[in-house]
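Below are the chains, spelled out letter by letter.
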Protein chains: 2
Amino acid sequence: MPAHPAAEMHPSLRPSAPLTQSLPEQIAARLSECIVSGAYAPGQRIMEQAVAEEFEVSRGPAREALRLLEKDGLVMILPRRGAQVTNPSIEEVHEIFDIRAMLNGLRDRLIAEGPHRAELIPALERDIEKLAQTAATPGPGDDYIDTVLRLNRLLTQAAGNHRLQTILGSLAVQTVRYTRLGLSTPQRRQQSVRNWQSLLQAIRAGDGDAAERIARQRVIDSRDAAVEHLRAQAG
Amino acid sequence: MPAHPAAEMHPSLRPSAPLTQSLPEQIAARLSECIVSGAYAPGQRIMEQAVAEEFEVSRGPAREALRLLEKDGLVMILPRRGAQVTNPSIEEVHEIFDIRAMLNGLRDRLIAEGPHRAELIPALERDIEKLAQTAATPGPGDDYIDTVLRLNRLLTQAAGNHRLQTILGSLAVQTVRYTRLGLSTPQRRQQSVRNWQSLLQAIRAGDGDAAERIARQRVIDSRDAAVEHLRAQAG
DNA sequence: ATTTGTATTATTGTCAACAATCTTCTTGAC
DNA sequence: GTCAAGAAGATTGTTGACAATAATACAAAT
């Protein structure tokens, strides 16, 4: 019998995942980095044979790794044409952010109305304080982005809705590069910090309506900033 | 050149899907029916070899078909243990309905605020009228459910958010059996009809806020009814 | 010069066999 | 009688080869 009964265990701590990643999962994780970091350009084709040789496995696991990437929306698989890195249009990016806005709203409502919110607040305060410190510094902003991503992971896990966690995780991976784009200016980062601070207040107060509204607004702001940048890039 | 220029074509009519389904897709479609209809019981294991023999293919396509079912949440694949039909707990059903509530809210807002809503209204009126007629009849209610499902498909396609369509489609498949459960009484069906009629009004008026609120309430009602039935069944 | 048909090549789809691992059944000891 | 250890069987994971198909290059005809 474990030290802590299952009933008291927080959902995000459930050790349901297998201890060791499968071969396709390891390959997918590596490829995922390459795509998110931009080493593999959008639209680029990824061929099974090349993946197989790169990782010194047969085409089976390579093939399956690509299917895993498809599940995360990082590649698109066309019949008889193989996989290519997704290159979403501005409209599709807009669409994904809209979905994230709704589901982040649900997530933060669940947290604000949930019984575990008190345990969460110290970590939240710490990260949001860190955001406030790095928001004004003009540097590359990677610190800021990293903290935002960690904060989001923390909240997504804490919401306790497993399916929501899966979907939001997938959508987050797909939009990392656009989130980064949208948080590239100090003004936007300061707007973002103010929003996080409001959210913290709403969670402290246990105000689910406010938490949902604030979360939605944050993602919508992020969406608008990203889309604006993309339009500027595209002409 | 096609008869109608692409710019005027409704998003839901884009012929982007390949004309012919792949072998794994065909197998997955058949298995999907078996699971949704209940021929394969929740928790039941589905083995690759058995699928391969059933459809007279090798284990490769059978394996991939099971991965496709996993993507739709119809089976759960555990490492070295294979696939088994998902048997979500009451809490998980609750979770999925919560997600559907948010995303249906987004969907119906997009429709109410979208430019294509006028074209949609006649079909909506027809289906909702049909709902009103079959709501009070005590029969098996399959007509009612079928109409609700068609109505939802219509709206999901019309919203014009492709990713949303994918996610909602997957979630709908996973909850069909619980939706059916929740709409098994005449009272619930009448409540449902009133909600659809309100939605129609909101769409007519182009009131996105109202459309979202109404859609959410509909799914929440559906959730509560389903969960109540499940709790009664479980003891 | 454009287009159509054809051959070539590259790439994915499928298959059957082998390896690794998990489950279950049996056996034996306490 | 219960539990542990080990063997046997069943099932997934992986591999390499073969088949089917789509992209490409090139030649020929209008």
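Everything that follows concerns the structure shown earlier in this document.
Predicted, not measured: the structure shown is a model, and the values here were computed from it. (Residues numbered from 1 in each chain as written. Chains lettered and ligands numbered in written order. Predicted model: local features only at pLDDT ≥ 70, side-chain atom pairs only at ≥ 80, totals over all residues. Heavy atoms only, no water.)

**As for the sheet that holds strand 3 (residues 82-85) of chain B**
Residue and element names in this part refer to chain B.
And then number 1: A sheet is described by the order of its strands in space; here 3 strands give the open sequence 1-3-2, paired in antiparallel fashion. Looking at the sheet topology across the chains shown, the edges are occupied by strand 1 (45-46) and strand 2 (75-78).
And then number 2: Where strand 1 meets strand 3, 2 bridges bridge the pair, whose relative direction is antiparallel. When the sheet's bridge partners are listed, Arg-45 is paired in strand 3 with Gln-84.
And then number 3: Packing of helix 3 (residues 59-71) onto the sheet brings it into contact with strand 1, strand 2 and strand 3, and relative to strand 2 it is tilted by some 120 degrees. (Pairing = 2+ DSSP bridges. Helix = DSSP H or I, 4+ residues; strand = E, 2+ residues; numbered from the N terminus. Contact = heavy atoms within 4.5 Å. Axes fitted to C-alpha atoms, helices over the stretch in contact; angles between N-to-C directions.)

**Let's talk about unusual backbone geometry**
And then number 1: One non-glycine residue with positive phi stands out, namely Arg-80 of chain A, at about 60 degrees.
And then number 2: Looking at the element boundaries, Arg-80 of chain A is found in the loop between strand 2 (75-78) and strand 3 (82-85).
And then number 3: One non-glycine residue, Glu-56 of chain B, adopts positive backbone phi at about 55 degrees.
And then number 4: Mapped onto the fold, Glu-56 of chain B is located in the loop between helix 2 (48-55) and helix 3.

**Topic: the interface of chain B and chain A**
And then number 1: Across the contact, 24 residues belong to chain B and 24 residues belong to chain A.
And then number 2: Area buried by chain B at its contact with chain A is led by Ile-99, Met-102 and Arg-163 of chain B, which between them contribute 27% of it.
And then number 3: Where chain B touches chain A, the interface holds 8 salt bridges.
And then number 4: A salt bridge links Glu-64 of chain A to Arg-63 of chain B; the shortest N-O distance between them is 3.7 Å. (Buried area = accessible area lost by both parts, 1.4 Å probe. Salt bridge = Lys/Arg side-chain N within 4 Å of Asp/Glu carboxyl O.)

**Here we look at the side chain of Glu-64 of chain B**
And then number 1: Checked against the element boundaries, Glu-64 of chain B lands in helix 3.
And then number 2: On the basis of relative accessibility, which here comes to 17%, the residue Glu-64 of chain B falls in the buried class. (Buried < 20%, exposed > 50% of the residue type's maximum accessible area, 1.4 Å probe, protein only.)

**Brief notes about the pairing of strand 3 of chain B**
Residue and element names in this part refer to chain B.
And then number 1: Note: strand 2 against strand 3, 4 bridges, orientation antiparallel. Among the inter-strand pairings, Met-76 is bridged to a residue of strand 3, identified as Gln-84.
And then number 2: Two successive antiparallel strands, strand 2 and strand 3, enclose a turn made up of 3 residues, where Arg-80 displays a positive phi of approximately 60 degrees.

**Describing the packing of aromatic side chains**
And then number 1: This model, assessed by the stated rule, comprises 0 aromatic pairs over all chains.
And then number 2: Stacked on the ring of Tyr-144 of chain A, the Lys or Arg Arg-189 of chain A has its end atom at 6.0 Å from the ring centre. (Phe/Tyr/Trp six-rings, centres within 6.5 Å; stacked < 30°, edge-to-face > 60°. Lys NZ or Arg CZ within 6 Å of the ring centre and 35° of its normal.)

**With respect to the protein's contact with DNA strand C**
And then number 1: Of all residues adjacent to DNA strand C, which total 18 residues, the nearest are Met-47, Arg-59 and Arg-63 of chain A together with Leu-23 and Ser-58 of chain B.
And then number 2: What you see for DNA strand C is that sugar and phosphate hold 72% of its atoms within 4 Å of the protein.
And then number 3: Between DNA strand C and Arg-80 of chain A there is a distance of 3.0 Å, counted from a sugar or linking oxygen to a side-chain nitrogen or oxygen.
And then number 4: Contacts to DNA strand C include Ser-58 of chain B, whose backbone N or O atom sits 2.8 Å from a phosphate oxygen.
And then number 5: Sorting the residues of the surface near DNA strand C by element identifies strand 1 (45-46) and helix 3 (59-71) of chain A together with helix 1 (23-37) and helix 3 of chain B as the ones contributing at least two each.
And then number 6: Examining the composition of the surface near DNA strand C, we find that 3 residues originate from one element, helix 3 of chain A, more than from any other.
And then number 7: For the surface near DNA strand C, the per-class residue count stands at 6 nonpolar, 2 polar and 10 charged. (Near = heavy atom within 4 Å. Polar contact = N/O pair within 3.5 Å; in protein donor to acceptor, adjacent residues only side chain to side chain. Nonpolar A, V, L, I, M, F, W, Y, C, P; charged D, E, K, R; others polar.)

Bear in mind that shape data such as this cannot, by itself, settle questions of function.
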